[in-house]
Structure formats: C-alpha cells, structure tokens
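So the chains spell out like this:
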Amino acid sequence: MDNSMCLRIKAIESNESFARSVVSAFCVGNNPSLETVNDIKTAISEAVTNSIVHGYTKYEGDILLEATIKDDLLTVRVIDYGIGILDVDTALGDYYTTEKNGERSGLGFTIMQSFMDSLEVESVMGAGTTVTMTKKLNV
Amino acid sequence: MIVSTTKNNNNICINLEGELDQSVASKLRTQLDDYLLNTQAKNVIFNLDKLKFMDSTGIGLIMGRYKKLNAKKIAVFITNPNKQIDKVLTISGIYKIIPKI
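Residues numbered from 1 in each chain as written. Chains lettered and ligands numbered in written order. Predicted model: local features only at pLDDT ≥ 70, side-chain atom pairs only at ≥ 80, totals over all residues. Heavy atoms only, no water.

Participant: Describe the pattern of salt bridges, naming the residues involved and giving the relevant values.
Facilitator: Counted by the stated rule, this structure contains 13 salt bridges over all chains. Between Asp 62 of chain A and Arg 8 of chain A there is a salt bridge whose closest N-O contact spans 2.9 Å. Of this pair, Asp 62 of chain A sits in strand E2 (residues 62–70) while Arg 8 of chain A sits in strand E1 (residues 3–10), and the two are 54 residues apart along the sequence. For Asp 62 of chain A, a relative accessible area of 26% puts it in the partly exposed group. A residue is classified by how much of its surface remains accessible, and Arg 8 of chain A, at 52% relative accessible area, is exposed. Between Lys 100 of chain B and Asp 86 of chain B there is a salt bridge; the shortest N-O distance is 3.0 Å. Within this pair, whereas Lys 100 of chain B is found in the segment after helix H3 (83–92), its partner Asp 86 of chain B is found in helix H3, the two being separated by 14 residues in sequence. (Salt bridge = Lys/Arg side-chain N within 4 Å of Asp/Glu carboxyl O. Helix = DSSP H or I, 4+ residues; strand = E, 2+ residues; numbered from the N terminus. Buried < 20%, exposed > 50% of the residue type's maximum accessible area, 1.4 Å probe, protein only.)

Right, dumping it as structure tokens:
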C-alpha cells in the first residue's frame, strides 16, 4: 500500500524518541522485520539528533519529517532550518565531529549510511539541512 | 532511563535500562562520573541487558567514561547488548577498545 506522512516537531531532545517511534510506526503496516524497523529507528534518531545538536545550536526551530512508502520502499526526509553544514563531504566521514570538546562519536552519518539503503544530504549554510534516506521494507 | 549499579569484589556493574539518546545523556554522564569518581574497582562493566535502544550518543557516552577509567587503569567491558545496540556498537569499532564479554 502506498502511503505518506508529514510531522513537524520542535527541535528539542525530548522529541527524539517521539520522532523515531512515529516513523517506525508508519512502516509497520508493510510488515518489515524487527531488524528493519530497528535500523530505521536508529537512522531517524541519528538524523534528528544531528539537527538538534548541530543544526540548532544558536536558535530554536522545528524539524520536519516527511515519509512516503511506494512499492515497499520507504523514503524519509529529515529537514531542519538550522545553520547548515559547511562541507557535507567531510561531515559524512567516519568519526568527524565539530563538537571537539563534547562527547559526540562522529558516527551519525556513518550509522545512517550503513543502516539504510541510501543517504543523501543537502545543506545550505544559514538555511538548513535536508537528509533523505531510503530503505526497502521487505528484502 | 534508569541506572543502577551492582558491586562485587573488584567489579562494578552499571545496569542501564530504557533508551539511551541525547535526551538522557547529560544527566546520565553526571550520575556515572559522580559514582565512578573515587571508585576502587578494577573492572567496570556496562550491562545493557535491559537497554532497549541506543544511538551513537551512547558510543560517545561510553567512550567518555572509558577514557576517564582507563587513565586510572580500570578495565571497561560491555555485556548483553540487544541486536540493535550490538549493531551500533559493532559499526563504531568500540569493541576493539572495550571488549564485549
């Protein structure tokens, strides 16, 4: 069954669990395996955390979650209107983090890439970042 | 997130329960650092038996505690991760530094 959803949430830490639960609940109608659901949950958690921790460091804002299912393929977009990423290529590298004094692992994009089938990151400095990920729900 | 500890002989077991993400990391970090500050233990074991979900925030948190404990020559281990958490831990390469037992 083809389907679509859209959710706008405030970019705050307590919404991370809500965001990943909503997207995984959206997928269950297609009967994905538990592992697939958990992969999606983890990837959403990473993307939303990035927006909160890195995108909205200087001001508050919203995160938009858009998802579609078409022919058993989930496409999910996590959109923020935060500071943006200066160099997407570098940011996608393993263990890369701008939070040198924090305890970030620098693995967010690495996990999104390996848990999902595809990952695309578009970013405009000062305007925000859109992360698009796809995953086949039944392999 | 619920955290409890069990101690026997030279081992401290940190039992994490619930979901570990950015929303609980800062409080958990402070709780663990306070608890481990003056520890005389030789081994610290993160027991993830009741942890339902963890993202890369957990990697940063465990690595942060490892660095502090390693400086005091205390060994750190991870035990009982579920499949989702094991996958995150494996991709991170953390098991090369903090063995799974």
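Participant: Got a sec to walk through the nonpolar core? Specific residues and values, please.
Facilitator: Nonpolar side chains in soluble globular proteins generally cluster together in the buried interior. Counting 33 residues, the largest nonpolar core has Phe 46, Met 54, Ile 78, Leu 89 and Ile 94 of chain B as the members making the most contacts within it. Those elements giving two or more residues to this core turn out to be helix H4 (108–115) of chain A together with strand E2 (11–20), helix H1 (22–36), strand E3 (43–54), helix H2 (56–71), strand E4 (75–79) and H3 of chain B. The leading source of residues in this core is H2 of chain B, at six residues. Those residues in contact with Ile 94 of chain B that sit more than four places away from it in its chain are Ile 59, Ile 62, Met 63, Ile 78 and Leu 89 of chain B. Of all hydrophobic cores here, the second largest spans 31 residues; its members include Leu 7, Leu 74, Met 112 and Val 131 of chain A. (Core = buried A, V, L, I, M, F, W, Y, C linked by side-chain atoms within 4.5 Å. Contact = heavy atoms within 4.5 Å.)

Participant: Kindly report on the interface of chain A and chain B, identifying the contributing residues and their values.
Facilitator: Counting from both sides, the interface comprises 24 residues of chain A and, opposite them, 21 residues of chain B. Summing both sides of the interface, chain A and chain B together bury roughly 1,800 Å²; the carbon and sulfur share of this comes to 50%. Run the count over chain A and chain B and you get six salt bridges. At the junction of chain A and chain B, the tally comes to 15 residue pairs in polar contact (both at pLDDT 80 or more). Breaking the side of chain A that touches chain B down by element, the ones donating at least two residues are helix H1 (16–27), helix H2 (34–55) and H4 of chain A. With nine residues, the single largest contributor to the side of chain A that touches chain B is H2 of chain A. Of the residues belonging to the side of chain A that touches chain B, the class tally is five nonpolar, 10 polar and nine charged. (Buried area = accessible area lost by both parts, 1.4 Å probe. Polar contact = N/O pair within 3.5 Å; in protein donor to acceptor, adjacent residues only side chain to side chain. Nonpolar A, V, L, I, M, F, W, Y, C, P; charged D, E, K, R; others polar.)

Participant: Break down the packing of H1 of chain B against H2 of chain B for me, with residues and values.
Facilitator: Residues and elements named next belong to chain B. The geometry of H1 relative to H2 is characterised by a closest axis approach of 10 Å and an angle of 15° between their N-to-C directions. Considering the angle they form, H1 stands roughly parallel to H2. Crossing geometry of H1 relative to H2 is assigned as right-handed. Here H1 contributes Gln 22, Ala 25, Leu 28, Arg 29, Leu 32, Asp 33 and Leu 36 to the contact with H2, which in turn contributes Thr 57, Leu 61, Arg 65, Lys 68 and Leu 69. (Axes fitted to C-alpha atoms, helices over the stretch in contact; angles between N-to-C directions. Parallel < 35°, antiparallel > 145°, perpendicular 65-115°, else oblique. Left-handed = near helix turned anticlockwise from the far one by under 90°.)

Participant: Please give an account of the sheet that holds E4 of chain B that cites residues and values.
Facilitator: Residues and elements named next belong to chain B. With respect to topology, four strands assemble into an open sheet ordered E1-E2-E3-E4, the strand pairing being mixed. Strands at the two margins of the open sheet, each flanked by one partner only, are strand E1 (2–8) and E4. In this sheet, adjacent strand axes meet at a mean angle of 20° when their direction is disregarded. Both E2 and E3 contribute to a ladder of nine bridges, which runs parallel. Among the inter-strand pairings, Glu 19 is bridged to a residue of E3, identified as Phe 53. Sheet strands in contact with H1 are E1, E2 and E3, and its direction is about 170° off that of E2. (Pairing = 2+ DSSP bridges.)

Participant: How would you explain the packing of aromatic side chains if you had to name every residue and give the values?
Facilitator: Tallied over the entire structure, the rule returns one aromatic pair over all chains. Centre to centre, the rings of Tyr 56 of chain A and Tyr 59 of chain A are 6.0 Å apart; their planes meet at 80°, and the pair counts as edge-to-face. The class for Tyr 56 of chain A is buried, based on a relative accessible area of 8%. The partly exposed category is assigned to Tyr 59 of chain A, whose relative accessible area is 39%. Above the face of the Phe 115 of chain A ring, Lys 87 of chain B is positioned so that its terminal group lies 4.8 Å from the ring centre. (Phe/Tyr/Trp six-rings, centres within 6.5 Å; stacked < 30°, edge-to-face > 60°. Lys NZ or Arg CZ within 6 Å of the ring centre and 35° of its normal.)

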